[in-house]
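Listed here are the chains, written in short residue letters.
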Amino acid sequence: MSKNNNNRLPRAKGSEMATFYTPKDCARKVKRIVFQPENRRIIKEFLTILEMKEKFILHDVPIPNKIVMFGPPGTGKTLTAFYMAQQLDIPLVLVRLDTIIHSHLGETASNVRKIFEYAKASPCVLFLDEFDAIARTRENNDEVKEMARVVNTLLQCLDEFECDSIFMAATNLQEELDHAVWRRFDTKMTYGMPDEATRSEYIRLLIGDFEKEEQTLKQASMSLKDCSFADMEQIVLKAKRKAIIESSMLTSEHIRYSFEEYKPHLIAGVIS
Ligand SMILES: Nc1ncnc2c1ncn2[C@@H]1O[C@H](COP(=O)(O)OP(=O)(O)O)[C@@H](O)[C@H]1O
Ligand SMILES: [Mg+2]
């Protein structure tokens, strides 16, 4: 695991396969997070359950600890993992897929086991992005037969994941996930492009106390239709730069020009 903010990391097997973020690092990342209402509700419920652990133990009802998030890029899946770690005041362990996946698939399975062992030993949010890369459906997989072994290992690890850590996985290709893997998740969250109200909420946060023309916010939430959160962030920052260069307040023209320069739809067309 790489060092972050000079934090000493616990030495554990598999620790070199991930990046470690303290709850404080996470707090910085999630200052401007905006959830869609359904996801806000799911997360709130999840956190409430964790706060009431004893009651669940008493009733012999298992406590959820496996979340899968799916939806297009730039909609806040990774950010949600940071949010969860910050809320729970535990570190985020962001697994680097490229170091997990090995040309020898036997090695990949063993790496998967190691990262889960790590999370079992020290409470954290264990986050695996591009989860489809290791949890592909076994039937469809004609890459290498051995991939089934990776999926089997993953299933075993998920079944044995009874600890104070939370496992979170994200994918843009949920339909390619193995069904058995999919079923192991107690919590599922769909991410999508923001609607107008959500766009407006996020743009307001992005503009902050930057001086703006009266209509800017309203116009911006209309003209940034079909943009992801990540797109909106880039466009509003670009617009602010333009305003600063001109020593002017932020206007809807700045937003419009920045939108045209940034070309979010061309990018969205390629990836969706
Ligand atoms: N729901 C959101 N609320 C606030 N900012 C967001 C949201 N989604 C994305 N962003 C912005 O876009 C960036 C990329 O988002 P990310 O969480 O990595 O998306 P994903 O993992 O879904 O591809 C974030 O760092 C943040 O700046
Ligand atoms: Mg991501």
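The preceding data block contains the structure.
All figures in this text were calculated on a predicted structure; none of them were measured in a lab.

Each value, and the rule that gives it
Residues numbered from 1 in each chain as written. Chains lettered and ligands numbered in written order. Predicted model: local features only at pLDDT ≥ 70, side-chain atom pairs only at ≥ 80, totals over all residues. Heavy atoms only, no water. Helix = DSSP H or I, 4+ residues; strand = E, 2+ residues; numbered from the N terminus. Contact = heavy atoms within 4.5 Å. Areas by Shrake-Rupley, 256 points an atom, 1.4 Å probe, with all protein chains shown as cover. Core = buried A, V, L, I, M, F, W, Y, C linked by side-chain atoms within 4.5 Å. Buried < 20%, exposed > 50% of the residue type's maximum accessible area, 1.4 Å probe, protein only. Salt bridge = Lys/Arg side-chain N within 4 Å of Asp/Glu carboxyl O. Axes fitted to C-alpha atoms, helices over the stretch in contact; angles between N-to-C directions. Parallel < 35°, antiparallel > 145°, perpendicular 65-115°, else oblique. Left-handed = near helix turned anticlockwise from the far one by under 90°. Nonpolar A, V, L, I, M, F, W, Y, C, P; charged D, E, K, R; others polar. Near = heavy atom within 4 Å. Polar contact = N/O pair within 3.5 Å; in protein donor to acceptor, adjacent residues only side chain to side chain. Domains from an automatic or database assignment. Pairing = 2+ DSSP bridges. Phe/Tyr/Trp six-rings, centres within 6.5 Å; stacked < 30°, edge-to-face > 60°.

Caption draft 1: Region of interest: the overall build of the protein chain. The helix and strand tally for the protein chain stands at 13 helices and six strands. Pairs at least 24 residues apart make up 75% of the contacts formed inside the protein chain by residues separated by at least 6 positions. Summed over all atoms, the accessible surface of the protein chain reaches about 14,500 Å², with 50% contributed by carbon and sulfur.

Caption draft 2: Summary view of the nonpolar core. In terms of nonpolar packing, the biggest core is built from 34 residues, with Phe-116, Phe-131, Leu-154, Phe-167 and Val-181 touching the most fellow members. For this core, the element with the most residues is helix H7 (residues 147–159), which contributes seven residues. Counting 27 residues, the second largest nonpolar core, distinct from the first, contains Leu-50, Ile-67, Leu-92 and Met-168.

Caption draft 3: Seen up close, the pattern of salt bridges. The tally for this structure, following the rule as stated, stands at 11 salt bridges. Notably, a salt bridge pairs Lys-53 with Asp-164, separated by 3.2 Å at the nearest N-O pair. One end of the pair, Lys-53, is in helix H3 (residues 53–58); the other, Asp-164, is in the loop between H7 and strand E5 (166–171), with 111 residues separating them in the sequence. Through salt bridges with shared partners, a single ionic network connects Glu-38, Arg-41 and Glu-45.

Caption draft 4: Up close: the packing of helix H10 (residues 216–223) against helix H12 (residues 252–262). Following both chains from N to C, one finds H10 and H12 inclined at 20 degrees, their axes separated by 9 Å at the closest point. Classified by the angle between their axes, H10 and H12 sit roughly parallel to one another. Crossing angle aside, the handedness with which H10 passes H12 is right-handed. Within the contact between the two elements, H10 uses Thr-216, Gln-219, Ala-220 and Ser-223 and H12 uses Ser-252, Ile-255 and Phe-259. Of the residues in the contact of H10 with H12, the class split is three nonpolar, four polar and no charged.

Caption draft 5: Broad picture of the site of ligand 1. Neighbouring residues of ligand 1: 15 residues in total, closest Val-34, Gly-74, Lys-77, Thr-78 and Glu-233. Within the backbone of Val-34, an N or O atom sits 2.8 Å from a nitrogen atom of ligand 1. In this structure, Gly-74 approaches ligand 1 through a main-chain N or O atom, which is 2.8 Å from an oxygen atom. Within the complex, 80% of the 550 Å² of free accessible area of ligand 1 lies under protein. Breaking the shell around ligand 1 down by element, the ones donating at least two residues are helix H4 (77–88) and helix H11 (229–245). Of the residues assigned to the shell around ligand 1, the class counts are eight nonpolar, four polar and three charged. Counting only domains with at least three residues in the shell around ligand 1, you end up with domain 1 (15–190) and domain 2 (196–271).

Caption draft 6: Broad picture of the side chain of Ser-252. Locating Ser-252 in the fold gives a position in helix H12. On the accessibility criterion, Ser-252 (10% relative accessible area) is buried. Excluding its chain neighbours within four sequence positions, the residues that come into contact with Ser-252 are Thr-216 and Gln-219.

Caption draft 7: Quick look at the pairing of strand E6 (residues 187–190). Judged by which residues are buried, E6 turns out to be one-sided: Thr-187 and Met-189 face inward and are buried, whereas Lys-188 and Thr-190, on the alternate face, are not. Of the strand pairs in this sheet, strand E2 (residues 66–70) and E6 are connected by four bridges, and their pairing is parallel. In the strand pairing of E6, Ile-67 is matched with Thr-187.

Caption draft 8: Main features of the packing of aromatic side chains. Applying the stated criterion across every chain yields a total of 10 aromatic pairs. Ring plane angle 90 degrees and centroid distance 5.7 Å describe the contact between Phe-131 and Phe-185, whose orientation is recorded as edge-to-face. Residue Phe-131 is located in the loop between strand E4 (125–128) and H7, and its partner Phe-185 is located in the loop between helix H8 (179–183) and E6; the two are separated by 54 residues in the primary sequence. Residues Phe-131 and Phe-185 agree in their burial class; the two are buried. Look at Phe-167 and Phe-185: their rings are 5.9 Å apart centre to centre, the planes differ by 25 degrees, and that puts the pair in the stacked class. Note that Phe-167 is positioned in strand E5 and Phe-185 in the loop between H8 and E6, a separation of 18 residues in sequence. The same class applies to Phe-167 and to Phe-185, which are both buried.

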